[in-house]
Amino acid sequence: QVQLVESGGGLVQPGGSLNLSCAASGSIFSINGMGWYRQVPGKQRELVAAITVDGTTNYADSVKGRFTISRNNAKNTVYLQMNSLKPEDTAVYYCKADLRRRGFNVYNEYWGQGTQVTVSS
């Protein structure tokens, strides 16, 4: 089995910062892309940032210059440093990993359980 566990969410004032982490564990052979998505009630889940295994990154226009995604391949962990947070960043943040389990020869998407980020004064 594989598990993705997020941490680091919470309540922060506008202009503040948070750092999210997501660690993948279990019977993992390898991980390709990893990313962060967010969702607010009544809206579709949207991509926030993604990173390939060699470190190439991609960001939503709304977070460029404020958020930074990174990963530690040895720890199967992806991070999201969020600075200059705005109320419109409030959402549940999910991490996703495209990974291959030991004993399997295909990659599938795995999702974390989500962590709430609230930006409010």
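The sections below set out a description of the structure shown in this document.

Structurally, Arg-100 is set in strand β9 (residues 91-101). Exposure remark for Arg-100: the relative accessible area of 23% places this residue in the partly exposed category. Distance from Arg-100 to Ile-31, taken between C-alpha atoms, is 6.3 Å for residues 69 residues apart in sequence. Excluding residues within four positions of it along the chain, Arg-100 makes contact with Ile-28, Phe-29, Ser-30, Asn-105, Val-106 and Tyr-107. Here the side chain of Arg-100 touches Phe-104 through a polar contact of 2.6 Å, landing on its backbone oxygen.

Counting residues in each nonpolar core, the largest one holds 31 residues, and the members touching the most others are Leu-4, Trp-36, Leu-80, Met-82 and Tyr-93. For this core, the elements supplying multiple residues, two or more each, are β1 (2-7), β3 (18-26), β4 (28-39), β5 (46-51), β7 (67-72), β8 (77-82), β9 and β11 (115-119). Among the elements that make up this core, the one with the highest residue count is β9 (five residues). Apart from residues lying up to four places away in sequence, Leu-80 is in contact with Leu-18, Asn-19, Leu-20, Trp-36, Val-48, Ala-49, Phe-67, Thr-68, Ile-69 and Tyr-93.

The rules behind each value
- Residues numbered from 1 in each chain as written.
- Predicted model: local features only at pLDDT ≥ 70, side-chain atom pairs only at ≥ 80, totals over all residues.
- Heavy atoms only, no water.
- Helix = DSSP H or I, 4+ residues; strand = E, 2+ residues; numbered from the N terminus.
- Buried < 20%, exposed > 50% of the residue type's maximum accessible area, 1.4 Å probe, protein only.
- Contact = heavy atoms within 4.5 Å.
- Polar contact = N/O pair within 3.5 Å; in protein donor to acceptor, adjacent residues only side chain to side chain.
- Core = buried A, V, L, I, M, F, W, Y, C linked by side-chain atoms within 4.5 Å.

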